Every structure is written in structure tokens, then in C-alpha cells.
Amino acid sequence: MLNPYLPKFAKIVAIAKASADAKLFTLSFVDKNDRADFKFCHGQFLMLGVLGFGEAAFDICSLTNQLSTFELAVRKVGKLTEKLHQLKIGDLVTIRGPFGNGFLEKSYQGKDLLLIGGGCGFITMRSLILDYLAKKLPVKKLDVFYGCLNEDTLFFKNEFSRWRQKINLAIALEKPDKKWAGPKGVITILFNGRQDFGDTAALIVGPPVMYKFVIKELKKGGMRDGDIYVSLERRMYCGIGVCQHCAIGPYYVCKDGPVFSWEQLKNIPGAI
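Reading the values: the criteria
Residues numbered from 1 in each chain as written. Predicted model: local features only at pLDDT ≥ 70, side-chain atom pairs only at ≥ 80, totals over all residues. Heavy atoms only, no water. Domains from an automatic or database assignment. Contact = heavy atoms within 4.5 Å. Buried area = accessible area lost by both parts, 1.4 Å probe. Salt bridge = Lys/Arg side-chain N within 4 Å of Asp/Glu carboxyl O. Polar contact = N/O pair within 3.5 Å; in protein donor to acceptor, adjacent residues only side chain to side chain. Helix = DSSP H or I, 4+ residues; strand = E, 2+ residues; numbered from the N terminus. Pairing = 2+ DSSP bridges. Axes fitted to C-alpha atoms, helices over the stretch in contact; angles between N-to-C directions. Phe/Tyr/Trp six-rings, centres within 6.5 Å; stacked < 30°, edge-to-face > 60°. Buried < 20%, exposed > 50% of the residue type's maximum accessible area, 1.4 Å probe, protein only. Lys NZ or Arg CZ within 6 Å of the ring centre and 35° of its normal.

### What about the domain arrangement of the chain?
- Along its sequence, the chain is organised into domain 1 (8–99) and domain 2 (105–265).
- In this structure, domain 1 and domain 2 have C-alpha centres spaced 22 Å apart.
- Opposite the 24 residues of domain 1 that make contact, domain 2 presents 25 residues.
- Together, the buried faces of domain 1 and domain 2 total about 1,900 Å²; carbon and sulfur atoms form 60% of this surface.
- When the buried surface of domain 1 facing domain 2 is broken down by residue, His 42, Phe 45 and Cys 61 rank first, second and third, together holding 26% of it.
- Inspection of the region where domain 1 meets domain 2 yields 1 salt bridge.
- Across the contact surface, domain 1 and domain 2 share 10 residue pairs in polar contact (both at pLDDT 80 or more).
- Secondary-structure elements contributing two or more residues to the side of domain 1 that touches domain 2 are strand S1 (8–19), strand S2 (22–29), strand S3 (45–50), strand S4 (54–59), strand S5 (70–75) and strand S6 (92–99).

### Some words on the sheet that holds strand S9 (residues 168–173)
- In spatial order, the strands read S9-S8-S7-S10-S11-S14; together these 6 strands make up an open sheet with mixed pairing. Whereas interior strands pair on both sides, the edge strands pair on one side only; in this sheet they are S9 and strand S14 (259–261). Each adjacent strand pair in this sheet contributes to an overall mean axis angle of 15°, direction not counted.
- Two strands pair when backbone bridges link them, and strand S7 (residues 112–118) and strand S8 (residues 141–148) are joined in this way by 7 bridges, in the parallel orientation. Following the sheet pairing, Leu 113 is matched in S8 by Leu 142.
- Where helix H3 (residues 123–133) meets the sheet, it contacts S7, S8 and strand S10 (200–205), and its direction lies at approximately 150° from that of S7.

### Details of the packing of aromatic side chains
- Under the counting rule described, the total for this entry stands at 16 aromatic pairs.
- On the basis of an interplanar angle of 80° and a centroid distance of 6.1 Å, the ring pair of Phe 191 and Phe 197 is categorised as edge-to-face.
- Phe 197 sits in the buried class, given a relative accessible area of 8%.
- An aromatic cluster is defined as three or more aromatic residues linked by ring pairs; in this entry it consists of Phe 122, Tyr 146, Phe 155, Phe 156, Phe 160 and Trp 163.
- Its end group placed over the ring of Phe 29, Lys 8 keeps NZ or CZ at 5.9 Å from the ring centre.
- Here the guanidinium or amino end of Arg 126 rests over the ring plane of Phe 156, the centre of that ring lying 5.1 Å away.

Set out below in C-alpha cells:
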């Protein structure tokens, strides 16, 4: 019987720069049976830990169909992540999961898909983008809106030129330097009031403060509540809906989410 509290060991096989203060870790399970059993869907998360330093939830940001390895982007913001940034290729970490209810294929199949990422929330989008480029995402068209503070805080910047060969990637920076020639301001400036979202599904991931403004723009374009999906971030410890730290209304974010439709959340006070 699978014990969800029992971690598995994974080895770091590659480390790359994800942003000015974030690293992209490529990991592989030590036990070949764990590698064989591993699968995930977009929007799910893993509990990544270092013995003696604790663990935290991180979104998986790699392809869903190449599972001998998987990737996690980690920004250095505290004790655990600082320790992770000190690790080297060959070091071991602990993994539990994947956990959560992700962004299911039936939510967007056969439609246009709009990904809207703010700040670190953009990490979640990479998995969907990579699957689309690999022709593994069953959508008609993929558009990506990305809002960030400045160029230093952009994730996966070295991949943008390849993505733009197949995807419309629009970026807005709130406080860019003088060299920035793109849109300036918060992410809602990427909406122009003329977009038609009648046959589009959207996934929004980022700071909760941006959600209500983005949802308002989507609904202006004719998007239905049931086609709007958000990924919520709450303090998660157990990952399986037991400790109740992530409770919101009748839901546990770690178990019932983190991806919810706006139809599910719109009447819950304080959901976003």
C-alpha cells in the first residue's frame, strides 16, 4: 500500500539558471521502480525536501511524457530554498507526490488556450508550453500572457525565442529598465478589450491580487466561468488534505486543487 507520508529519494542530475534568483533542478528517482511509476498532470505539485531542513510544495514544470527525469524551478526565498541552492549535481533530495487536482485535459481539449502567469506563478505554465511544442497538448491555439516586475525576475528567459516560433508570448513588465521596449505596467494591459474568448479556456497562476482583475477582462471577452481556471497557493504541509492548513470554503487546496474553476470559487468569500 502506498504511504503518502513516506518520501522517495531523487538525485539531482542537472542544474540550470531559471531566473536571477531561481534555479531549475532536473531530478531522477534513485529507485528504478519509482521512476517507472511516476506520472503527473499539469498543475500538480511535489513536496520537495532536504533532510534536516524540511520540505515545501513546488510545481512540476517539465514535459508530462518524458518521465525518466522531471524538473522543478526553485526561487531562493528562505531557509529550505537557500539550502537547495547550495546543493550540487549528485546530491539527494526527498520527494513526496505528485499531489493535487491539476489542470485536466477535458478542461481545454479542442479549444484555444490562454495561459496567464504572474511572477513565480509562471513556473506552472512551462509544462503546458513544452507539451504544446511537443504536439502533446490537444488545443487549437496557445497564447501566453506573462506579467513580471522586471527582466531579472523573468523565468525561463533563455527559452523565449524558441517558444515564440510556435506561440504568441506577450510580456508586461511593471518596473522595467530603460532598454525595455515591450508593454509596461501590470498584466491587464495585455488585454485590449477587443479579444474574443468565446471558445477559449484560461489558466491563471500568480499573485491572488491579480486574479479578480484578470477574470474581469476574460469575462469582457465572453469567457464563461466554467472555462476560467485558477491555481491557488496556500500554506501546504501534508499535501493530502489532512492537516487542514490550506482549507478554503469546502475545499482543501492540496487535495481538491490547486487548480479550480472560477465556477467553483466565485461564491466563496476570500477564495482569491
